[in-house]
Amino acid sequence: CPGSIGTPTLSVTSSTPGVAQPGSTLGFTTAPAPWLALSFVLLGFDRMNPIDLTPFGAPACLVIPDLDVILPATSRGSYSQTSLVLPADSCLRGLRFYTQGLVVDAAANALGLVTSNAWMVTIE
């Protein structure tokens, strides 16, 4: 959904987009974000029916993943980053999770939050 300086996009860094290996590190970058804004990466093991944040004051903003894990991201100026190290356990193969960026952007809307696109990541 639109933020005060543009619509944030979440990118997930892995050897193959949308795929991760046990023992690998996934990188998450959300951009653009207001200078030094608080940002988070939402992770969920299920994709719920999107929660529309319009009634709460954030028009066109949707929350896609279940909120099983919320990772704080470090602001790097106009973008934020965080990473997740996956355990080196072959039992994780076949596991899927969903991820999305959430940025605190007081100038964007009445709720002061904007969301990014969402990704599905499969551990192979």
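All values derive from a computational prediction rather than experimental measurement.

1. Some words on the state of the cysteines
For step 1, the next point in the chain: Taken as a whole and assessed by the stated rule, the structure comprises one disulfide.
For step 2, the next point in the chain: Each sulfur of the disulfide joining Cys1 and Cys61 lies 1.9 Å from the other. Taking the sign of the S-S torsion, 85° for the link of Cys1 and Cys61, the bridge is right-handed. Residue Cys1 is located in the segment before strand E1 (9-13), and its partner Cys61 is located in the loop between strand E5 (47-52) and strand E6 (62-65); the two are separated by 60 residues in the primary sequence. Here Cys1 and Cys61 have matching classes, each one buried.

2. Focus on the environment of Tyr98
For step 1, the next point in the chain: Along the polypeptide, Tyr98 turns up in strand E9 (residues 96-104).
For step 2, the next point in the chain: Residue Tyr98 is classed as buried on the basis of its relative accessible area, which comes to 15%.
For step 3, the next point in the chain: Along the sequence, Tyr98 and Val85 sit 13 residues apart, while their C-alpha atoms lie 16 Å from each other.

3. Points about the pairing of E9
For step 1, the next point in the chain: In terms of burial, E9 is a largely internal element, seven of the nine residues being buried.
For step 2, the next point in the chain: Pairing between strand E4 (residues 39-44) and E9: six bridges, direction antiparallel. Bridging from a neighbouring strand, Leu42 pairs with Gln100 of E9.
For step 3, the next point in the chain: One ladder, built from eight bridges, connects E9 with strand E10 (residues 113-123); its direction is antiparallel. Its bridge partner being in E10, Phe97 is matched across the sheet by Val121.

4. Comments concerning the side chain of Thr29
For step 1, the next point in the chain: Checked against the element boundaries, Thr29 lands in strand E3 (residues 25-31).
For step 2, the next point in the chain: Accessibility expressed as a relative area gives 18% for Thr29, which makes it buried.
For step 3, the next point in the chain: A distance of 3.4 Å separates polar atoms of two side chains, one belonging to Thr29 and the other to Gln81.
For step 4, the next point in the chain: Ignoring anything within four residues of it in the chain, the contact list for Thr29 reads Thr9, Leu10, Ser11, Tyr79, Ser80 and Gln81.

Parameters and conventions
Residues numbered from 1 in each chain as written. Predicted model: local features only at pLDDT ≥ 70, side-chain atom pairs only at ≥ 80, totals over all residues. Heavy atoms only, no water. Disulfide = S-S within 2.5 Å. Helix = DSSP H or I, 4+ residues; strand = E, 2+ residues; numbered from the N terminus. Buried < 20%, exposed > 50% of the residue type's maximum accessible area, 1.4 Å probe, protein only. Pairing = 2+ DSSP bridges. Polar contact = N/O pair within 3.5 Å; in protein donor to acceptor, adjacent residues only side chain to side chain. Contact = heavy atoms within 4.5 Å.

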